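# A structural walkthrough
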Amino acid sequence: MKDNKIKQNSETEASEEQENEEEDKTRKRPAKKTRGQLLQEALGLQPEDIKGVENKLYLCRFLDYFATETLDFIFKDRSIEQYEKQIFSRMESFGTGNEEDKLIKKSFENKQIIDIVHQLKTNGEELARSKGINQAFDKRMRKLSLMVTLPMFGVMIILTLLAVDIIFLFPLLCLFCFLPQIFRGSVVKKWNQFKEENRNQFYEQNRGDIIILKGFTAEILNNIRSRLLELKVPLKLISFPLYSSDYENVVLKNKSRTRGGLTQFLFHFEYPEGMEPFPIPEVLQKYEKPISSETKRHERPEKNFIVLEEIKAKDGIIESYTPTLKDAIAEEINDLLNNCDFITAPDDFNKIIPEYSPTNAIFCICGKVAEIINVQICNWKKQFDFYLFEGKECECGEKIFALSLLDDKAEVPEELKDIF
């Protein structure tokens, strides 16, 4: 009995010693910082300074894309409703900001920007109906896909029940694979043809309203530039993608073609004539120069993790979200993934985030829209499921991974609340 008590005391002491060692390691481990935190600390900024710039750039991206490719938004009432909520939410802070921000909000109201957005969308839908198009092309694509695949599956089941030889079923299987793709290609081709044939006509008919949207976008860009100069932020550190190249006081860094065939321009702001650029602190210099795509993977083993926060999702379909860089907890996320089982998501990415666009996208750290090439459902310890989106390696040489809940009502385990 005495021996057992001594043994228990020894085990308790050993356990306490181990816990103390782990606490010491935790205290000694330096906390990793996000790029935003590094920017704030290196330049002496406040969190609201960075948030204000992000909110304004969101407005610029949306209005620029909408003014350039209005026809991409026709028959998408739900999508426009989501954008409108985001815009009003972000504009809210402008009323309590500095005088320049208040002027931006006043200009937004005086120019009736939201009314113009709705009017342009309505005009685009009228033009589409006159050409025989009465629904969004992606919705039509999904409908056609169901119309083709469901009957084919029915035929396949009947033939299976009739015990038809596999040799005769094989051509049908091939047809299953290729026919939906043929229909999809046909719909996309017809849609792109409609946009190309009517883009100039739509612009000429709505030139005044489009110019107002682009003029307001230019106002916001100049407001951001003035604020960055006031805060002494090195302008090369702030990159942003747009679809028009005719704005003033910006410098083109790169341009690329999106999957939809559009040209996307990556800019940073230009310094006023004769002004010396602000020096870039050493800790931030890696963000000024894109990493070459030829850089070997083992030379930069760190991962760029993004978590989709403020998410609105149900049954695996994601309507809206705010992508947040989580490089400060990359080690914890890697540990999480190492304890997961993975299965390929049953739906493709376009069905999971149906409204994926430059204004509702996951971005690479260089500012370009990430092209998602793989979607996995991760199961953590048979307790909790979440999405893992893998981005294609960007032209800047970086690659991002995004994590997301499948449903905004999902109960997140206590151990993972620091991540999700």
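Here is what the cut-offs are and how they apply
- Residues numbered from 1 in each chain as written.
- Predicted model: local features only at pLDDT ≥ 70, side-chain atom pairs only at ≥ 80, totals over all residues.
- Heavy atoms only, no water.
- Phe/Tyr/Trp six-rings, centres within 6.5 Å; stacked < 30°, edge-to-face > 60°.
- Buried < 20%, exposed > 50% of the residue type's maximum accessible area, 1.4 Å probe, protein only.
- Helix = DSSP H or I, 4+ residues; strand = E, 2+ residues; numbered from the N terminus.
- Axes fitted to C-alpha atoms, helices over the stretch in contact; angles between N-to-C directions.
- Parallel < 35°, antiparallel > 145°, perpendicular 65-115°, else oblique.
- Contact = heavy atoms within 4.5 Å.
- Nonpolar A, V, L, I, M, F, W, Y, C, P; charged D, E, K, R; others polar.
- Pairing = 2+ DSSP bridges.
- Core = buried A, V, L, I, M, F, W, Y, C linked by side-chain atoms within 4.5 Å.
- Expected span 1.5 Å × (residues − 1).
- Salt bridge = Lys/Arg side-chain N within 4 Å of Asp/Glu carboxyl O.
- pLDDT = per-residue confidence, 0-100.

### Thoughts on the packing of aromatic side chains
Throughout the structure, instances matching the rule amount to 21 aromatic pairs. When the ring of tyrosine 271 is compared with that of phenylalanine 278, the centres are 5.8 Å apart and the planes differ by 75°; the resulting orientation is edge-to-face. Accessibility classification places tyrosine 271 together with phenylalanine 278 in one group, the buried group. Where phenylalanine 384 meets phenylalanine 420, the ring centres are 5.5 Å apart and the plane angle is 75°; that geometry is what we call edge-to-face. Placement of the pair is phenylalanine 384 in strand S8 (residues 384-391) and phenylalanine 420 in the segment after strand S9 (400-404), with a sequence separation of 36 residues. Like phenylalanine 384, the residue phenylalanine 420 is buried in the burial classification.

### Quick notes on the packing of helix H5 (residues 99-110) against helix H9 (residues 207-230)
Where H5 meets H9, the axes come as close as 11 Å, and the angle between the chain directions of the two elements is 175°. Judged by the inter-axis angle, H5 sits roughly antiparallel to H9. For the pair H5 and H9, the contacting residues are Glu100, Asp101, Ile104, Ser107 and Phe108 in the first and Phe216, Glu219, Ile220 and Asn223 in the second. Considered class by class, the residues forming the contact of H5 with H9 number four nonpolar, two polar and three charged.

### Some details on the sheet that holds S9
The mixed open sheet is built from six strands, whose spatial order is S5-S4-S9-S8-S7-S6. Edge positions in the sheet fall to strand S5 (317-325) and strand S6 (340-344), since each of these pairs with one other strand and no more. If you compare each strand with its neighbour and ignore which way they point, the axes differ by 30° on average. Across four bridges, strand S4 (residues 304-314) lies against S9 in parallel orientation.

### Re the nonpolar core
Grouped together as the largest cluster of nonpolar side chains are 63 residues, with contacts concentrated most on Leu213 and Phe269. Per-element tally for this core: the top contributor is helix H3 (residues 47-68), with eleven residues. Among all residues touching leucine 213, those that are not within four sequence positions of it are Leu63, Phe66, Ala67, Ile113, Ile116, Val117 and Leu120.

### What about H3?
A rise of 1.5 Å per residue sets the reference length of H3, with its 22 residues, at 32 Å; its end C-alpha atoms lie 32 Å apart and thus fit the reference within 8%. Most of H3 is tucked away: 17 of the 22 residues are buried.

### Things to note about the pairing of strand S7 (residues 372-380)
Across five bridges, S6 lies against S7 in antiparallel orientation. Bridged to isoleucine 343 within S7 is isoleucine 377. Relative to S8, S7 runs antiparallel, the two sharing eight bridges. Each bridged residue has a counterpart across the sheet, and for cysteine 378 the counterpart in S8 is phenylalanine 386.

### What about the pattern of salt bridges?
Using the criterion set out here, one finds 20 salt bridges in the structure. Lysine 195 serves as the salt-bridge partner of glutamate 69, at 3.6 Å between the closest nitrogen and oxygen. Of this pair, glutamate 69 sits in the loop between H3 and helix H4 (77-91) while lysine 195 sits in helix H8 (residues 166-205), placing them 126 residues apart in sequence. In this structure, glutamate 69 and lysine 195 share a single accessibility class: buried. A salt bridge links lysine 399 to glutamate 390; its shortest N-O distance comes to 2.6 Å. Neither lysine 399 nor glutamate 390 differs from the other in exposure class; each is buried. Each of the salt bridges in this network shares a partner with another, and the network as a whole consists of Glu69, Asp72, Lys195, Glu196 and Arg199.

### Thoughts on the environment of proline 272
Mapped onto the elements of the fold, proline 272 is located in the loop between strand S3 (263-269) and S4. Classification of proline 272 by relative accessible area gives partly exposed; the value is 28%. Considering only alpha carbons, one finds proline 272 and asparagine 249, 23 residues apart in sequence, at a separation of 7.9 Å. Ignoring sequence-local partners within four residues, the contact set of proline 272 consists of Arg225 and Leu229.

### Let's talk about the confidence of the model for the protein chain
For the protein chain, the mean per-residue pLDDT works out to 79, and 72% of the residues sit at or above 70. Throughout residues 24-32 the model reports pLDDT below 50, and contacts reaching past four residues in sequence, or to other chains, amount to five contacts. Of the regions scoring below 50 in pLDDT, residues 289-302 engages in 18 contacts with residues more than four places distant in sequence or in other chains.

### Regarding unusual backbone geometry
A positive phi angle, close to 60°, is found at phenylalanine 75, a residue other than glycine. Judged by its relative accessible area of 18%, phenylalanine 75 falls in the buried class. One non-glycine residue with positive phi stands out, namely glutamine 112, at about 50°. Tracing the backbone shows glutamine 112 in the loop between H5 and helix H6 (113-130).

### As for the pairing of S5
Across seven bridges, S4 lies against S5 in antiparallel orientation. Following the sheet pairing, isoleucine 306 is matched in S5 by leucine 325. Where S4 folds back on S5, the antiparallel hairpin that results is connected by two residues, among which aspartate 315 adopts a positive phi of roughly 55°.

### Some details on the side chain of asparagine 55
One can find asparagine 55 in helix H3. Once residues within four sequence positions are removed from consideration, asparagine 55 is found in contact with Arg90, Ser93 and Phe94.

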